[in-house]
Amino acid sequence: METGEAPQTVPRKEPTRAEHTISGYADESITAEVVVCAAALFPVAEVVAAEAALASLKTGLGLPPTTSLHCRVIFNSNARRGKPWEAIAPKAINLAIERLCRDLASIGLRPITFVAPRSPIFMPGPPGAESEGTSLDEKGQAAMGFQAISFHLAQLHGFGTVKLWIDPDKTKIQWLNGKTQANLTRSGFMDLGPGIEPPKSEPLIEDDPKPPLLEIADLYAYVSARAHSAKGGWKDRWFQEVYSIINPERLLWGDTNQDPKWQNA
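Please read these numbers as outputs of a predicted model, since none were measured by experiment. (Residues numbered from 1 in each chain as written. Predicted model: local features only at pLDDT ≥ 70, side-chain atom pairs only at ≥ 80, totals over all residues. Heavy atoms only, no water.)

Q: Describe the overall build of the protein, listing the residues and the values that go with them.
A: Scanning the protein from terminus to terminus reveals 7 helices and 11 strands. Long-range contacts, defined as pairs at least 24 residues apart, comprise 67% of the intrachain contacts of the protein with a sequence gap of at least 6. Summed over all atoms, the accessible surface of the protein reaches about 14500 Å², with 51% contributed by carbon and sulfur. (Helix = DSSP H or I, 4+ residues; strand = E, 2+ residues; numbered from the N terminus. Contact = heavy atoms within 4.5 Å. Areas by Shrake-Rupley, 256 points an atom, 1.4 Å probe, with all protein chains shown as cover.)

Q: Give a description of the packing of aromatic side chains that names residues and reports values.
A: A full pass over the atoms with the stated rule returns 7 aromatic pairs. When the ring of phenylalanine 75 is compared with that of phenylalanine 239, the centres are 5.4 Å apart and the planes differ by 75°; the resulting orientation is edge-to-face. Taken together, the residues phenylalanine 75 in the loop between helix 2 (71-74) and helix 3 (77-80) and phenylalanine 239 in helix 7 (residues 234-246) connect sequence positions 164 residues apart. By the burial criterion, phenylalanine 75 is buried, and phenylalanine 239 matches it. Cluster of aromatic residues (ring-pair linked, three or more members): Phe75, Tyr222, Trp238 and Phe239. We note arginine 226 situated over the ring of tyrosine 222; from NZ or CZ to the ring centre the distance is 3.9 Å. (Phe/Tyr/Trp six-rings, centres within 6.5 Å; stacked < 30°, edge-to-face > 60°. Buried < 20%, exposed > 50% of the residue type's maximum accessible area, 1.4 Å probe, protein only. Lys NZ or Arg CZ within 6 Å of the ring centre and 35° of its normal.)

Q: I'd like a description of the pattern of salt bridges, backed by residues and values.
A: Under the counting rule described, the total for this entry stands at 5 salt bridges. Notably, a salt bridge pairs glutamate 28 with lysine 139, separated by 2.9 Å at the nearest N-O pair. One end of the pair, glutamate 28, is in strand 1 (residues 22-30); the other, lysine 139, is in helix 5 (residues 138-157), and 111 residues separate them in sequence. Glutamate 33 is the salt-bridge partner of lysine 231, the closest N and O atoms lying 2.6 Å from each other. Of this pair, lysine 231 sits in the loop between helix 6 (214-228) and helix 7 while glutamate 33 sits in the loop between strand 1 and strand 2 (34-43), and the two are 198 residues apart along the sequence. (Salt bridge = Lys/Arg side-chain N within 4 Å of Asp/Glu carboxyl O.)

Q: I'd like a rundown of the packing of helix 4 (residues 90-107) against helix 6, residues and numbers included.
A: Across the interface, helix 4 lies against helix 6 with an axial gap of 12 Å and an inter-helix angle of 110°. The pairing of helix 4 with helix 6 is recorded here as roughly perpendicular in orientation. Across the interface between the two elements, Ile97, Leu100, Cys101 and Leu104 of helix 4 pack against Ile216, Leu219 and Tyr220 of helix 6. (Axes fitted to C-alpha atoms, helices over the stretch in contact; angles between N-to-C directions. Parallel < 35°, antiparallel > 145°, perpendicular 65-115°, else oblique.)

Q: Can you explain the sheet that holds strand 11 (residues 249-252)? Please cite residues and give values.
A: The strand order 6-1-2-3-11 describes an open sheet built from 5 strands, whose pairing is mixed. Two strands close off the open sheet at either side, each with one partner strand: strand 6 (162-166) and strand 11. Taken over all neighbouring pairs, the strand axes of this sheet differ in orientation by 20° on average, direction set aside. Both strand 2 and strand 3 (residues 109-117) contribute to a ladder of 7 bridges, which runs antiparallel. Along strand 3, the bridge assignment pairs valine 36 with valine 115. Along the sheet, helix 6 contacts strand 1, strand 2, strand 3, strand 6 and strand 11; its crossing angle with strand 1, the most-contacted strand, is approximately 45°. (Pairing = 2+ DSSP bridges.)

Q: Got a sec to walk through helix 1 (residues 47-60)? Specific residues and values, please.
A: Three or four residues apart is the spacing at which side chains of an α-helix point the same way, because the helix has 3.6 residues per turn. Taking 1.5 Å per residue, 14 residues should reach 20 Å; helix 1 reaches 20 Å between its end C-alpha atoms and fits that length. Of the surrounding elements, those touching the buried residues of helix 1 are strand 1, strand 2, helix 4 and helix 6. Directly after helix 1, the chain includes glycine 62, whose backbone phi takes a positive value near 85°. (Expected span 1.5 Å × (residues − 1).)

Q: Please provide a residue-by-residue account of helix 6, values included.
A: Here helix 6 spans 21 Å end to end across 15 residues, near enough to the 21 Å set by a 1.5 Å rise per residue. Counting buried residues along helix 6, 14 of its 15 residues qualify, which places the element largely inside the surrounding structure.

Q: Tell me about the side chain of threonine 67, and name the residues and values.
A: Locating threonine 67 in the fold gives a position in the loop between helix 1 and helix 2. Given the relative accessible area of 9%, threonine 67 is considered buried. For threonine 67, the side chain forms a polar contact with the main-chain oxygen of proline 64, separated by 2.9 Å. In contact with threonine 67, not counting residues within four places along its chain, are Lys58, Pro84, Trp85 and Glu215. (Polar contact = N/O pair within 3.5 Å; in protein donor to acceptor, adjacent residues only side chain to side chain.)

Q: Tell me about the pairing of strand 6, residues and numbers included.
A: Of all 5 residues making up strand 6, 4 are buried, and the element is well covered by its neighbours. The pairing of strand 1 with strand 6 spans 5 bridges and is classified as parallel. Its bridge partner being in strand 6, isoleucine 22 is matched across the sheet by valine 162.

Q: Help me get a handle on the nonpolar core, residues and values and all.
A: Of all hydrophobic cores here, the largest spans 42 residues; its most connected members are Phe42, Phe75, Trp85, Ile97, Leu104, Leu219 and Tyr220. Listed by contribution, the elements that provide at least two residues to this core are strand 2, helix 1, helix 2, helix 4, helix 6 and helix 7. When residues no more than four places from it in sequence are discounted, the contact partners of phenylalanine 42 are Thr21, Ile22, Ser23, Tyr25, Val47, Ala50, Leu104, Ile107, Gly108, Leu109 and Leu213. (Core = buried A, V, L, I, M, F, W, Y, C linked by side-chain atoms within 4.5 Å.)

Honestly, it's all geometry; don't read function into it.
The structure is reproduced here in structure tokens:
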């Protein structure tokens, strides 16, 4: 006999947070062809060694270790003007980058990249109002990439094992029902399975000062984006070669699950 009482729901368990043993650093890079997010990952005990390898690259080129390694500067002759990198020969920079990536491969864990074709995507609204969704531009796609990396890291290592720092980005982007800072779109709730309350992944933002290894995330994202946007020529081949040294695990927006085989131009 029906009593009219609402069915009882079983409360979900709080997720168990694992010990923090891995530090990750993530950034994005966008070309006309692709949107890439990349995460450099290091055991907590190896962070100092990774920072030392980054500083060694700079001092080896005659630069102070505090000099910022920003790919949009070091790989662009016009952007290098007036900067400390202007005095360094491009070939010397390339060789130093190759050595750094090899050194970091022996220090850190395998990096992760998220790669999506650059094209607007539509994110549906809530049930019953799907048509009231949001059209995401490349920054919105990058936000989805950061969320995908966070969830993948939780699946690989356990929730809480990885702390992920991201490069600050206060650009206002279209998100849900309005505009918000890109910083605030990179967190999300993660489904860890039935009976568990979904926890929120919240990347860390520090810019006073920034963690030095965000420069490595910038490097991995930039190289990956150029490797996937290659049209031919020696520079494209070089980015593909460095991408092979970095050898990231790749998360794709589509169904393809194999890395492309680079063809010589």
